[in-house]
Amino acid sequence: MPACHPIVEGLLELVYPTRCVVCEKAGSLLCGQDRSKLVYIDHTLACPRCGAPFGRKLCTECVTREGFEEFAFQEALSVLVYNKVAESLVRKYKDENERRLATVLAGLTADALPLEWRLWADGLSWIPADSNALQRRGFDHIKAFSYELSVMLDLPVYDLLDKAAKTDQRALTRALRRENAFTLFSVKTPGSQSSPLALARLNKGLKYKNLILLDDVFTTGATLDAASTVLKAAGFGHLRALTVARVW
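Only a predicted model underlies this, so the values are computations on that prediction, with no experimental measurement involved.

### Overview of the sheet that holds strand β4 (residues 123-126)
Moving on, step 1. Pairing in this open sheet of four strands is parallel, and the strands run β3-β8-β7-β4 from one edge to the other. Two strands close off the open sheet at either side, each with one partner strand: β3 (75-81) and β4. Between one strand axis and the next, the sheet turns by 25° as a mean value, whatever way the strands run.
Moving on, step 2. Examined bridge by bridge, β4 and strand β7 (residues 210-218) share four bridges and lie parallel to one another.

### Side note on the environment of D95
Moving on, step 1. With respect to the element layout, D95 can be found in the loop between α3 (84-94) and α4 (101-112).
Moving on, step 2. Sequence spacing of D95 and G138 is 43 residues, and the spatial spacing of their C-alpha atoms is 9.6 Å.
Moving on, step 3. If sequence neighbours within four positions are ignored, D95 has contacts with V90 and R137.

### Notes on the state of the cysteines
Moving on, step 1. Tallied over the entire structure, the rule returns zero disulfides.
Moving on, step 2. In this structure C23 is not part of a disulfide, and its nearest cysteine sulfur, from C31, lies 3.7 Å away.
Moving on, step 3. Between C62, a free cysteine, and C59, which holds the nearest cysteine sulfur, the sulfur-to-sulfur gap is 3.7 Å.
Moving on, step 4. Judged by its relative accessible area of 3%, C62 is buried.

### Looking at the pairing of strand β8 (residues 238-246)
Moving on, step 1. In terms of burial, β8 is a largely internal element, eight of the nine residues being buried.
Moving on, step 2. As paired elements, β7 and β8 share eight bridges and run parallel to each other. Bridge pairing links D215 to T243 in β8.
Moving on, step 3. In this view, the connection linking β7 to its parallel neighbour β8 by way of helix α10 (residues 222-233) has right-handed handedness.

### Observations regarding α3
Moving on, step 1. With respect to burial, α3 is a largely interior element, eight of its eleven residues being buried.
Moving on, step 2. For α3, the full list of buried residues reads V85, A86, S88, L89, V90, K92, Y93 and K94.
Moving on, step 3. If you check the start of α3, you find a side-chain oxygen 3.3 Å away from the backbone N of V85, and it comes from N83.

### Some remarks on the pattern of salt bridges
Moving on, step 1. The final tally for this structure, using the stated rule, is eleven salt bridges.
Moving on, step 2. Between K94 and D216 there is a salt bridge, and its shortest N-O distance comes to 3.2 Å. Of this pair, K94 sits in helix α3 while D216 sits in strand β7; the two residues are 122 residues apart in sequence, bridging distant segments of the chain.
Moving on, step 3. Here D216 falls in the buried class, since its relative accessible area comes to 9%.
Moving on, step 4. One salt bridge in this structure joins R240 and E116, with 2.9 Å as the shortest N-O distance. On the criterion of sequence distance, the pair formed by R240 in strand β8 and E116 in helix α5 (residues 115-120) is long-range, its members being 124 residues apart.
Moving on, step 5. On the basis of relative accessibility, which here comes to 5%, the residue R240 falls in the buried class.
Moving on, step 6. By sharing partners, the salt bridges in this structure join E87, R91, K92 and E96 into a single network.

### Notes on the confidence of the model for the protein chain
Moving on, step 1. Looking at the protein chain as a whole, the pLDDT averages 86, with 81% of positions reaching at least 70.
Moving on, step 2. Looking over the protein chain, one finds the lowest element-wise mean pLDDT in helix α9 (residues 198-203), namely 52, and the highest in β3, namely 98.
Moving on, step 3. Overall, residues 192-196 carries pLDDT values under 50, and its contacts beyond four positions in sequence, including any with other chains, amount to nine contacts.

### Brief notes about the nonpolar core
Moving on, step 1. Grouped together as the largest cluster of nonpolar side chains are 38 residues, with contacts concentrated most on L149, L214 and L242.
Moving on, step 2. Of all the elements in the fold, those that place two or more residues in this core are β3, α3, α4, α5, β4, α7 (141-153), β7 and β8.
Moving on, step 3. Per-element accounting of this core gives the leading share, seven residues, to α4.
Moving on, step 4. What L214 contacts, discounting residues up to four positions off in sequence, is L124, S125, W126, I127, I142, F145, S146, L149 and L242.
Moving on, step 5. Among the nonpolar cores identified, the runner-up in size contains 28 residues, and C62, F73, A76 and A226 belong to it.

### Some words on unusual backbone geometry
Moving on, step 1. The backbone of E24 shows a phi angle near 70°, a positive value even though the residue is not glycine.
Moving on, step 2. Turning to its location among the elements, E24 is positioned in the loop between α1 (6-15) and α2 (32-35).
Moving on, step 3. For N97, which is not glycine, the phi dihedral falls at a positive 65°.
Moving on, step 4. Examined against the element boundaries, N97 turns out to sit in the loop between α3 and α4.

About the criteria used
- Each chain has its residues counted from 1, running along the sequence as written.
- This being a predicted model, a pLDDT of at least 70 is required before a residue's local features are given, and a value of 80 or more before pairs of side-chain atoms are given or counted; all residues contribute to the totals for chains, interfaces and linings.
- Hydrogens and water molecules were not included; the side-chain quantities draw on all heavy atoms of the structure.
- A pair of strands is considered paired only if DSSP assigns at least 2 bridges between the two.
- We count a stretch as a helix when DSSP gives it H or I for four or more residues in a row; a strand needs E for two or more, and each element gets its number in order from the N terminus.
- Helix axes use the C-alpha atoms of the stretch in contact, all axes being lines fitted to C-alpha atoms, and the angles between their N-to-C directions lie in the range 0 to 180 degrees.
- Any two residues whose heavy atoms approach within 4.5 Å are treated as being in contact.
- We call a pair of cysteine sulfur atoms a disulfide whenever their separation is within 2.5 Å.
- Here's how the labels work: a residue is buried when its accessible area is under 20% of the maximum for its type, exposed when over 50%, partly exposed in between, all with a 1.4 Å probe on protein chains only.
- Seen with the strands pointing away from the viewer, any crossover whose path from the first strand over the helix to the second strand runs clockwise is right-handed.
- Any N or O atom pair separated by 3.5 Å or less is treated as a polar contact, with the protein-specific requirement of one donor-capable and one acceptor-capable atom, and with residues adjacent in sequence counted only for side-chain atom pairs.
- Any carboxyl oxygen of Asp or Glu within 4 Å of a side-chain nitrogen of Lys or Arg constitutes a salt bridge here.
- pLDDT measures how confident the predictor is about each residue, on a scale from 0 to 100.
- Residues enter a nonpolar core if they are buried and are Ala, Val, Leu, Ile, Met, Phe, Trp, Tyr or Cys, with the set joined through side-chain atoms within 4.5 Å.

And the structure:
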């Protein structure tokens, strides 16, 4: 949605004041009361593999019958526990077209990101929306979030992946997810409409840099794992996963 002139924005604010997306209180997109209900994950106590709270020493979230889940990304970190307030923020943003929340979510993420991650990263990329989601929502919500976050972190953002409209990765076993990854995701090439310089970037050494892969919610890690699998096969060896919220 194009930006309005400041005078027009002011008039619209008088007639249709900004309201909290959680409780509808006038004043801001996220009021102070609901902001205080957000539960931040302490990364020093969280599982480094999947980002689950309190899983640093013994994680119960990324253990399967086959043992600990082995992801294609090196580490995962989530900012918030996926409680009712976090769920409202994500849902209003991506499914109810409240695009101004891109800045709010990016701000929450930037403020909570550990310094070590900031110093480690050379750039950002994101899990793209597939064609069905784009048609339904009208925009790629993680792409918009990524560009907001890139400004706040002063890091470049790279458009690297295409996503096909396929079945939900969460229903698949670990082996089938890896096998299905290459039908779900593909690395963009010079023939891609939205990323004609992708191959040139690869040849200039981007694949050897440290990249943070972004998504909104970490549930099982299946989608981030699939995307990371494809990126690693293309030569991107240094990947971490970062999400706004963690289902737990």
